[in-house]
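# Examining the three-dimensional arrangement
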Amino acid sequence: MNGRFAPGDRVRVRGWFPPGHVRTPYYIRGKCGAIERICGAFDNPERLAYGRPDDPKVLYRVRFAQEEVWGRAERPGDTIDIEIYEHWLEPET
Amino acid sequence: MSDDHDHPHHPEHHLPSTYHEKLTAAVIELLAEKNLLSTAKITEAIEVMDARGPSLGAKVVARAWTDPEFKRRLLADGSRACAELGIDVGTLKLVVVENTPHAHNVIVCTLCSCYPKMLLGIPPAWYKSKAYRSRTAREPRSVLHEFGLQVGDDVAVRVHDSTADMRYLVLPMRPGGTEGWSEAELAELVTRDSMIGVAQANEPAAV
């Protein structure tokens, strides 16, 4: 399964707020970061949680600057990496 | 659920008291009654889990400290490298992140309490606490300071939020003064906390 994004690509996490089992943390929705690595294809947890292992999605690790996420950082350059499924990502620009 | 059924109760579920303990006990009884899963299988799985502990992770770290080629493979594909040592990490993929003089890594799961049980065993209670889970994402340096770890301003802190299918292990830096040590000796310096990233590996004098 080929991913839409490559390591280094700038992406924005979608500002969606759907009901149900979602593994994209609230605090990262709408924030921008860079693809750190491609983890492979995994079943979409939003369907898997309801017994439907039928929707594989490419999973990425995305690196965000702490300033971007919280509006402040204990030290500039500190980061947080989060696993995010492809349908939650769009190009930053 | 009467008391006269013929399958054994699991001892861990003898006296359920909280809502979730009762729910767990009821689900286990139903699975057994419907022959979907035997209590023996459940006990076996618990015993396998209980047998796992940080010594497995320490073995992986000590090998990486002594074998640069293994370390390269470990950082590229943690699951496959662990399999080389005969450690089955299951279906979840292991990502190993390396501490260096310029970057310190720390692991958290803000959504629940995902943890590399296959290498570290059962997580400590604080790892599952709401305080650790919320504060490590937002103010990792303060949290590390409370663990007794000062990270200098010349070192970047890299938090890893274990939100999906990966599990994480920190590869701590090898302490100085350990030249010529065997893998088994080095493994004694590798603590659980150093592999979560809230501590460094022990110094030789501490052993």
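### With respect to the overall build of chain B
Tallying secondary structure elements over chain B gives 11 helices and four strands in all. Based on the C-alpha atoms only, the size of chain B along its principal axes is roughly 65 × 35 × 30 Å. Buried positions account for 33% of the 207 residues belonging to chain B. Put simply, 67% of the contacts in chain B that link residues at least 6 apart link residues at least 24 apart.

### A look at the confidence of the model for chain B
Low pLDDT means the predicted atomic positions in that stretch should not be read closely. With 92% of its residues at a pLDDT of at least 70, chain B reaches an overall mean of 91. Interface confidence for the predicted complex, given as ipTM, is 0.97, next to a pTM of 0.89.

### Details of the pairing of strand β2 (residues 103-108) of chain B
All names here are of chain B. Counting buried positions along β2 yields five of six residues, so the element is predominantly enclosed. Summarising the sheet, β2 and strand β3 (residues 156-161) pair through six bridges and their orientation is parallel. Within the sheet, the bridge partner assigned to V108 lies in β3 and is D161.

### A word on the sheet that holds strand β4 (residues 79-85) of chain A
Strand order in the open sheet made by the seven strands is β5(A)-β1(A)-β2(A)-β3(A)-β4(A)-β3(B)-β2(B), with mixed pairing throughout. Lying at the two open borders of the sheet, with one neighbouring strand each, are β5 (89-91) of chain A together with β2 of chain B. Ignoring which end each strand starts from, the neighbouring axes of this sheet average 35 degrees apart. Taken together, the seven bridges between strand β3 (residues 56-65) of chain A and β4 of chain A define a ladder with antiparallel strand orientation. Its bridge partner lying in β4 of chain A, R61 of chain A is registered against E83 of chain A. Against the sheet, helix α8 (residues 130-138) of chain B engages β4 of chain A together with β2 and β3 of chain B, with an angle of about 150 degrees to β2 of chain B.

### Examining the pairing of β3 of chain A
Pairing of strand β2 (residues 32-43) of chain A with β3 of chain A, which is carried by eight bridges, proceeds in the antiparallel orientation. For F42 of chain A, the partnering residue across the bridge sits in β3 of chain A and is K57 of chain A.

### Quick word on the interface of chain A and chain B
Across the contact, 18 residues belong to chain A and 19 residues belong to chain B. Secondary structure elements with two or more residues in the side of chain A that touches chain B: β2 and β4 of chain A. It is β4 of chain A that provides the largest number of residues to the side of chain A that touches chain B, a total of five residues. Grouping the constituent residues of the side of chain A that touches chain B by class yields nine nonpolar, three polar and six charged. Pairing analysis gives four bridges linking β4 of chain A to β3 of chain B, with the strands arranged parallel. The partner of D81 of chain A across the bridge, within β3 of chain B, is H160 of chain B.

Thresholds applied
Every chain begins its residue count from 1, and numbering advances along the sequence as written. The order in which chains are written sets their letters, starting at A; the order in which ligands are written sets their numbers, starting at 1. Residue-level local features of this predicted model are given only where pLDDT is at least 70; pairs of side-chain atoms are given and counted only at 80 or more, and the full residue set underlies all totals for whole chains, interfaces and linings. Counting from the N terminus, the helices are the DSSP runs of H or I reaching at least four residues and the strands are the DSSP runs of E reaching at least two. Between the buried cut of 20 or more and the exposed cut of 12 or fewer other C-beta atoms within 10 Å of a residue's own C-beta lies the partly exposed class, and all C-beta atoms are placed from the backbone. In this description, a residue-residue contact is defined by the distance between C-beta atoms placed from the backbone, which must lie within 7 Å. pLDDT expresses how confident the predictor is about each individual residue, on a scale running from 0 to 100. Here a strand pair is declared whenever DSSP counts at least two bridges between the two strands. Here the axes come from fitting lines to C-alpha atoms, over the contacting stretch only for helices, and the angles between their N-to-C directions go from 0 to 180 degrees. Note on residue categories: nonpolar means Ala, Val, Leu, Ile, Met, Phe, Trp, Tyr, Cys or Pro, charged means Asp, Glu, Lys or Arg, and polar means any other residue, Gly included.

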